[in-house]
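Letter by letter, the chains look like this.
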2 protein chains.
Amino acid sequence: MSVKLNDKYLSGFVSQHEYDCIRPLLTSAHEQIVNRNGAGNDFLGWVDLPENYDKEEFARIKVAAEKIKKSCDVFIVIGIGGSYLGARAVIEFLKSPNYNNIKKDTPDIYFAGCDISAASIAELVEICEGRDVCINVISKSGTTTEPAVAFRVFRGMLEKKYGVEGAKERIFVTTDKARGTLKGFSDKMGYDTYVVPDDVGGRFSVLTAVGLLPIAVAGIDIDALMQGAADARKAYSVNDIETNDAYRYAAIRNILYNKGKTTEILAGYESYARMFNEWFKQLYGESEGKDQKGIFPASVIFSTDLHSLGQYIQDGMRNLFETVISIEDTGVSFNIPYDEENIDGLNFVANTDLNTVKKLAMQGTLLAHVDGGVPNILIEVADRSAYSMGYLIYFFEIACAVSGYMLGVNPFNQPGVEAYKKNMFALLGKPGYEDMKAELEARLK
Amino acid sequence: MSVKLNDKYLSGFVSQHEYDCIRPLLTSAHEQIVNRNGAGNDFLGWVDLPENYDKEEFARIKVAAEKIKKSCDVFIVIGIGGSYLGARAVIEFLKSPNYNNIKKDTPDIYFAGCDISAASIAELVEICEGRDVCINVISKSGTTTEPAVAFRVFRGMLEKKYGVEGAKERIFVTTDKARGTLKGFSDKMGYDTYVVPDDVGGRFSVLTAVGLLPIAVAGIDIDALMQGAADARKAYSVNDIETNDAYRYAAIRNILYNKGKTTEILAGYESYARMFNEWFKQLYGESEGKDQKGIFPASVIFSTDLHSLGQYIQDGMRNLFETVISIEDTGVSFNIPYDEENIDGLNFVANTDLNTVKKLAMQGTLLAHVDGGVPNILIEVADRSAYSMGYLIYFFEIACAVSGYMLGVNPFNQPGVEAYKKNMFALLGKPGYEDMKAELEARLK
């Protein structure tokens, strides 16, 4: 098992009989997934994906990644929400949050089309100057504003630089398999295309072409990533709160939520986990935050944020619980140097590996926060490998589905995301929104 | 006024008579600051700092910044919590979140000593290979574990590379003005030293040498930064809820908190504001999160996170309010290109500046979230300048102090930060913690 749930730090917050009482609810959630009869059951494609994925496309992704690695200095991934968070999370986690600044034999990778900002797009255009560029645009419909704008800009850049024919070799499109204007246009132009499956929502799409192509370009072993997810799928398919840690995690969340712990803080202990935290926040926030309910997902990186949000967690409002991710074998050692001067008084830990110090800091923090009244769920991940990453991704995905069903929501829709878009289109004067425009403008006066 | 509070989007959530009723509480908070007789009044040095700062030291900071710019490719800032968040926030906000990847005539800047990670310190050592390096260690006592370890490592690196004498020219120390082992050691070695004032807590220290030296190295006009803060100080010194926007912001927070809006989401619309959000979270979380109360500070960057936490904000638990920061003049334009194919259907906004699209997206989001039941406070910042940055920093600082006093807490201490440290020291076997060690280890078994 690459991922293990340790519930020692829930003692005093969750009692054994609560696990017993919640079994029937868990069973109900489990059956909705297995029988595919729950709300949103059109979007369960991710469940069997680690086994059933398209092997032919997978092979093409690896070929494309090699081609991209050879032909560019800068690889631009264009997408928003689920179309960028998974890839970015995995790349930063397994490579580095400073990926673009370390020595490597893979291209720099930038994420575009995930905001509406003149500054960020102008800056990226400048960063590309004098460098070879490839792009991967990821959009199911091809009409989402942010990636569509970025695709206009960077497709234009490539066509100007390499000609329409040359650009064709540098544009990789991940979109609907048949419908949509982007698919039609890509076929017409002869772009290499990959599929956003119909039955996998954006936030569950990291193990499809959406995430896999950028992840492969970063030099990450996507076979191992999928194998980890496949093994997790097996481990987490049984309806047993004792042995299925993903189900147990979902049950604990439900128990804590129902006793007023309505904010969950995902805590990592390495700065490379920051974007993974963001991926988690989309997965859970978008799946459960609806119908005026749901656990609010927040995140921190320790020990960094022990000197920031740490005070609040230790001693603020007691509506919090923490889920702590510990990487057991980080793969890198670094001993604290001995210092003859000992000005900082730290010679008692000289020659100690920072991994040891970090582990003890984590244990000290777990106990301190528990003493402060914050239930802590500890998730122990074996190592910082693609295999464990795939395992952990699947852990959180299946737990999210179960948790959403236990909360009584449809974990697979996101009706609230449309509200701002409609208003924006109306204010921008999009044809068809004329009535709404006048009404909104009156409210803004 | 570089910063303006717009309370239009509170309509329906806060009534006029609530402002009237809260005046006496505001007056009480105001008087605790002016008369310096409230809890934590030893730490009010930041109030008059924009006028009363040490001009001689300020001049030395500018000289040191020039020296650093000339003599290194990589500048490492070593500090944790308030000793790094302010500088990093300002540098990313005014320069770029990709500061180390853009073309510039200033050194790359890395932040170290803000975590306990073998991976991050080993990576930075590698990044420094073959490049000239200067460091600025920021620690009042010199004994905080994270920066102390980093200082051991990078001082060692410099002494090995340049010799003890050569390293002296590359080590800049910001610490206590007289006490502490780091000060003593720096004087002995002849390092250039700067002061962490006694009466300014870490989270309020960005406008002291703590923040100013790294900010100046990034090529930011620190005179303008201080002038903005000085003008804000004047504007926010009057006890008037109608004209003092900082006080009005503090009052609104208190009103919303008392009606169950216990989580505040700071929302920026530019990715360069991400670290400013983190600075804000420390400032408010550490100042107010105590005695089992306080608003929980969270953050997002829109439109990015409208495709992530947006669903929750629109439609999840209704214990949220948002504080939205809008940069009115971003200083950069970028028009959406016209596309003959119009595959994305966006030609109705072709040739429109992204700033316009962003503004309308923001207005559409404000209305959508208000309709969803989330009170929104809009803070309009004139531009992306050092002057406005200083103004905004002071706005949040003074509002935080007032807000903390209105909540009935000491806004200037952070007793909860010690809890994990004590446990960590005990587990690490620090002399003097022997009894605690055995007890903790028993609990961890």
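In this text, all values refer to a predicted model and were calculated from it rather than measured experimentally.

Asks: Is there a simple way to think about unusual backbone geometry in this case?
Replies: Trans is the common state for peptide bonds, and a negative phi is the common state for residues other than glycine. Residues Phe302 of chain A and Ser303 of chain A are joined by a peptide bond in cis, for which omega reads -5 degrees. For Ser303 of chain A, the position within the fold is in the loop between β8 (296-301) and α12 (310-315). Of note, Asn351 of chain A is a non-glycine position whose phi angle comes to about 70 degrees, a positive value. As for its position among the elements, Asn351 of chain A is in the loop between β9 (320-329) and α13 (354-371). Its relative accessible area of 53% is what places Asn351 of chain A among the exposed residues. Even without glycine at this site, Arg36 of chain B takes up a positive phi of about 50 degrees. Residue position: Arg36 of chain B is located in the loop between α1 (16-34) and α2 (45-52).

Asks: Looking at this structure, how should I read the sheet that holds strand β1 (residues 3-6) of chain B?
Replies: Strands in a sheet are paired, the pairing made by backbone hydrogen bonds, and the direction either parallel or antiparallel. Residue and element names in this part refer to chain B. Spatial strand order, β1-β10-β9-β7-β8: five strands in an open sheet with mixed pairing. Of all the strands in the sheet, just β1 and β8 (296-301) have a single pairing partner and so form its edges. Across the sheet, the mean angle from the axis of one strand to that of its neighbour is 20 degrees, orientation sign disregarded. In this structure, strand β9 (residues 320-329) lies alongside strand β10 (residues 376-383), joined through seven bridges in parallel fashion.

Asks: It is not clear to me how helix α8 (residues 209-217) of chain A should be interpreted in this structure. Could you clarify?
Replies: Along an α-helix, residues three or four positions apart point the same way, because every turn accommodates 3.6 residues. All names here are of chain A. Counting buried residues along α8, nine of its nine residues qualify, which places the element largely inside the surrounding structure. Every buried residue of α8 is listed here: Ala209, Val210, Gly211, Leu212, Leu213, Pro214, Ile215, Ala216 and Val217. Immediately beyond the C-terminal end of α8, within one or two residues, lies Gly219, with a positive phi of roughly 85 degrees.

Asks: Help me understand the interface of chain A and chain B in this model?
Replies: Size of an interface: often given as the accessible area lost when the parts come together. Counting residues at the interface gives 133 residues for chain A, matched by 132 residues for chain B. Together chain A and chain B conceal approximately 10,800 Å² of surface at their shared face, both sides included; 62% is due to carbon and sulfur atoms. The largest per-residue losses of area from chain A upon contact with chain B belong to Arg152, His307 and Ile343 of chain A, which jointly make up 8% of the total buried on that side. Seen at the junction of chain A and chain B, the total is 10 salt bridges. Our count for the chain A to chain B interface comes out at 50 residue pairs in polar contact (both at pLDDT 80 or more). Here the side of chain A that touches chain B takes 13 residues from α13 of chain A, the largest share from any one element.

Asks: Could you clarify how one ought to interpret the nonpolar core in this entry?
Replies: Nonpolar side chains tend to gather and get buried jointly when the protein is soluble and globular. Residues Phe154 and Phe396 of chain A together with Phe154 and Phe396 of chain B are the most contacted members of the largest nonpolar core, which totals 352 residues. In this structure Phe154 of chain B touches Ile76, Ile78, Ala112, Ile121, Leu124, Val125, Cys128 and Ile135 of chain B, once residues within four positions along its chain are discounted.

Asks: Would you explain the relation of the copies chain A and chain B in this entry?
Replies: Relating the two copies of this chain is a rotation about some axis coupled with a shift parallel to it. The two copies are related by a screw operation: chain A maps onto chain B through 180 degrees of rotation and 0.0 Å of translation along the axis, at an RMSD of 0.0 Å. The relationship between the two copies is best expressed as a two-fold rotation axis. Among all C-alpha atoms of chain A, that of Ala298 of chain A lies closest to the rotation axis, at 3.4 Å. Both copies share a contact surface, since 99% of the interface residues of chain A are interface residues in chain B too.

Asks: So what exactly am I meant to see when it comes to the environment of Pro297 of chain B here?
Replies: Relative to the helices and strands, Pro297 of chain B resides in strand β8. In this structure, the C-alpha to C-alpha distance between Pro297 of chain B and Met275 of chain B, residues 22 residues apart in sequence, is 14 Å. When near neighbours in sequence (up to four residues on either side) are disregarded, Pro297 of chain B contacts Leu309 and Tyr312 of chain A together with Glu264, Phe280, Lys281 and Gly285 of chain B.

Asks: What am I meant to see in the packing of aromatic side chains here?
Replies: Two numbers describe a pair of aromatic rings. These are the distance of the centres and the angle of the planes. What the rule picks out here adds up to 50 aromatic pairs over all chains. When the ring of Phe204 of chain A is compared with that of Phe412 of chain A, the centres are 5.5 Å apart and the planes differ by 55 degrees; the resulting orientation is tilted. Of this pair, Phe204 of chain A sits in the loop between β6 (192-195) and α8 while Phe412 of chain A is found in the loop between α14 (386-407) and α15 (417-428), placing the two residues 208 residues apart along the sequence. Ring centres 5.2 Å apart and planes at 85 degrees place the aromatic pair Phe395 of chain B and Phe396 of chain B in the edge-to-face group. A residue is classified by how much of its surface remains accessible, and Phe395 of chain B, at 0% relative accessible area, is buried. Here the guanidinium or amino end of Lys104 of chain B rests over the ring plane of Tyr99 of chain B, the centre of that ring lying 4.9 Å away. In this arrangement the basic side chain of Arg248 of chain B is found over the ring face of Tyr19 of chain B, its NZ or CZ atom lying 4.1 Å from the centre.

Asks: Just to check I follow, could you spell out the pairing of strand β4 (residues 133-138) of chain B for this structure?
Replies: For a regular strand, the rule is simple: side chains alternate between the two faces of the sheet. All names here are of chain B. β4 sits mainly inside the fold: six of its six residues count as buried. Going residue by residue along β4, you find Val133, Ile135 and Val137 tucked away on one face and Cys134, Asn136 and Ile138 tucked away on the opposite face as well. Pairing of strand β2 (residues 74-78) with β4, which is carried by five bridges, proceeds in the parallel orientation. What sits directly across from Phe75, in β4, is Cys134. The β-α-β motif built from β4, the intervening helix α6 (residues 145-168) and the parallel element strand β5 (residues 171-175) has right-handed crossover chirality.

Asks: Sorry, what's going on with the sheet that holds strand β5 (residues 171-175) of chain A here?
Replies: All names here are of chain A. One open sheet accounts for five strands, arranged β3-β2-β4-β5-β6; its pairing is parallel. Bordering the open sheet on either side are β3 (108-112) and β6, each of which pairs with just one other strand. Each strand of the sheet is rotated relative to its neighbour by a mean of 20 degrees, with strand direction disregarded. Here helix α3 (residues 55-71) sits on the sheet in contact with β2 (74-78), β4 (133-138), β5 and β6, set at roughly 135 degrees to β6.

Asks: Looking at this structure, how should I read the pattern of salt bridges?
Replies: Side-chain pairs of opposite charge can arise where the charged atoms are in close proximity. Applying the stated criterion across every chain, the model contains 79 salt bridges over all chains. One salt bridge connects Glu165 of chain A with Lys168 of chain A, and the closest N-O pair in it is separated by 3.3 Å. Here Glu165 of chain A and its partner Lys168 of chain A are both found in helix α6 (residues 145-168), three residues apart, which amounts to about one turn of the helix. On the basis of relative accessible area, Lys168 of chain A is assigned to the partly exposed category, the value being 23%. The salt bridge involving Glu341 of chain B is made with Lys188 of chain A; its shortest N-O contact spans 2.9 Å. Residue Glu341 of chain B is found in the loop between β9 and α13 (354-371), and its partner Lys188 of chain A is found in helix α7 (residues 181-189); the two belong to separate chains. When its relative accessible area of 56% is taken as the criterion, Lys188 of chain A is described as exposed.

Asks: Would you mind showing me how to read helix α15 (residues 417-428) of chain B here?
Replies: Between its first and last C-alpha atoms α15 of chain B spans 17 Å; for 12 residues at 1.5 Å apiece the expected length is 16 Å, and the two agree. Counting buried residues in α15 of chain B gives nine out of 12 residues, a clear majority hidden from the surface. Along α15 of chain B, the positions that sit buried rather than exposed are Val417, Tyr420, Lys421, Asn423, Met424, Phe425, Ala426, Leu427 and Leu428 of chain B. In this fold, the buried residues of α15 of chain B make contact with α12 and α13 of chain A together with α6, α11 (274-288) and α16 (434-444) of chain B. Downstream of α15 of chain B by one or two residues, Gly429 of chain B has phi in the positive range, about 85 degrees.

Asks: How should I be thinking about the side chain of Ser117 of chain A in this particular structure?
Replies: Mapped onto the elements of the fold, Ser117 of chain A is located in the loop between β3 and α5 (118-128). A polar contact is formed between the side chain of Ser117 of chain A and the backbone nitrogen of Ser120 of chain A, at a distance of 3.0 Å. When neighbours within four sequence positions are excluded, Ser117 of chain A is seen to be in contact with Glu270 and Leu354 of chain B.

Asks: Please clarify how the pairing of strand β6 (residues 192-195) of chain B should be interpreted in this entry.
Replies: All names here are of chain B. Where β5 meets β6, four bridges bridge the pair, whose relative direction is parallel. The residue of β6 that forms the bridge with Phe172 is Asp192. This β-α-β element, β5 to helix α7 (residues 181-189) to β6, shows right-handed connectivity.

Asks: So what exactly am I meant to see when it comes to the packing of α1 of chain B against helix α10 (residues 245-258) of chain B here?
Replies: A packed helix pair is summarised by two numbers, namely the angle formed by the two axes and the spacing between the axes. Residues and elements named next belong to chain B. Where α1 meets α10, the axes come as close as 10 Å, and the angle between the chain directions of the two elements is 115 degrees. Relative to α10, the element α1 is oriented roughly perpendicular. Crossing angle aside, the handedness with which α1 passes α10 is right-handed. Facing Glu18, Tyr19, Ile22, Leu26 and His30 of α1, the residues of α10 in contact are Tyr247, Arg248, Ala251, Ile252, Asn254 and Ile255. Residues that form the contact of α1 with α10 fall into these classes: seven nonpolar, two polar and two charged.

Asks: Sorry, what's going on with the environment of Ser205 of chain A here?
Replies: All names here are of chain A. Looking at the secondary structure, you find Ser205 in the loop between β6 and α8. Given a relative accessible area of 1%, Ser205 falls into the buried group. Each C-alpha atom, one on Ser205 and one on Lys70, is 26 Å from the other, the two residues being 135 residues apart in sequence. Excluding anything up to four places from it in sequence, Ser205 contacts Gly82, Val200, Val210 and Gly211. A distance of 2.7 Å separates a polar side-chain atom of Ser205 from the backbone oxygen of Gly202.

The rules we used
- Residues numbered from 1 in each chain as written.
- Chains lettered and ligands numbered in written order.
- Predicted model: local features only at pLDDT ≥ 70, side-chain atom pairs only at ≥ 80, totals over all residues.
- Heavy atoms only, no water.
- Helix = DSSP H or I, 4+ residues; strand = E, 2+ residues; numbered from the N terminus.
- Buried < 20%, exposed > 50% of the residue type's maximum accessible area, 1.4 Å probe, protein only.
- Pairing = 2+ DSSP bridges.
- Axes fitted to C-alpha atoms, helices over the stretch in contact; angles between N-to-C directions.
- Contact = heavy atoms within 4.5 Å.
- Buried area = accessible area lost by both parts, 1.4 Å probe.
- Salt bridge = Lys/Arg side-chain N within 4 Å of Asp/Glu carboxyl O.
- Polar contact = N/O pair within 3.5 Å; in protein donor to acceptor, adjacent residues only side chain to side chain.
- Core = buried A, V, L, I, M, F, W, Y, C linked by side-chain atoms within 4.5 Å.
- Least-squares fit on C-alpha atoms with pLDDT ≥ 70 in both.
- Phe/Tyr/Trp six-rings, centres within 6.5 Å; stacked < 30°, edge-to-face > 60°.
- Lys NZ or Arg CZ within 6 Å of the ring centre and 35° of its normal.
- Right-handed = clockwise from strand over helix to strand, strands pointing away.
- Expected span 1.5 Å × (residues − 1).
- Parallel < 35°, antiparallel > 145°, perpendicular 65-115°, else oblique.
- Left-handed = near helix turned anticlockwise from the far one by under 90°.
- Nonpolar A, V, L, I, M, F, W, Y, C, P; charged D, E, K, R; others polar.

Scope: geometric values only; no functional claims are made or implied.
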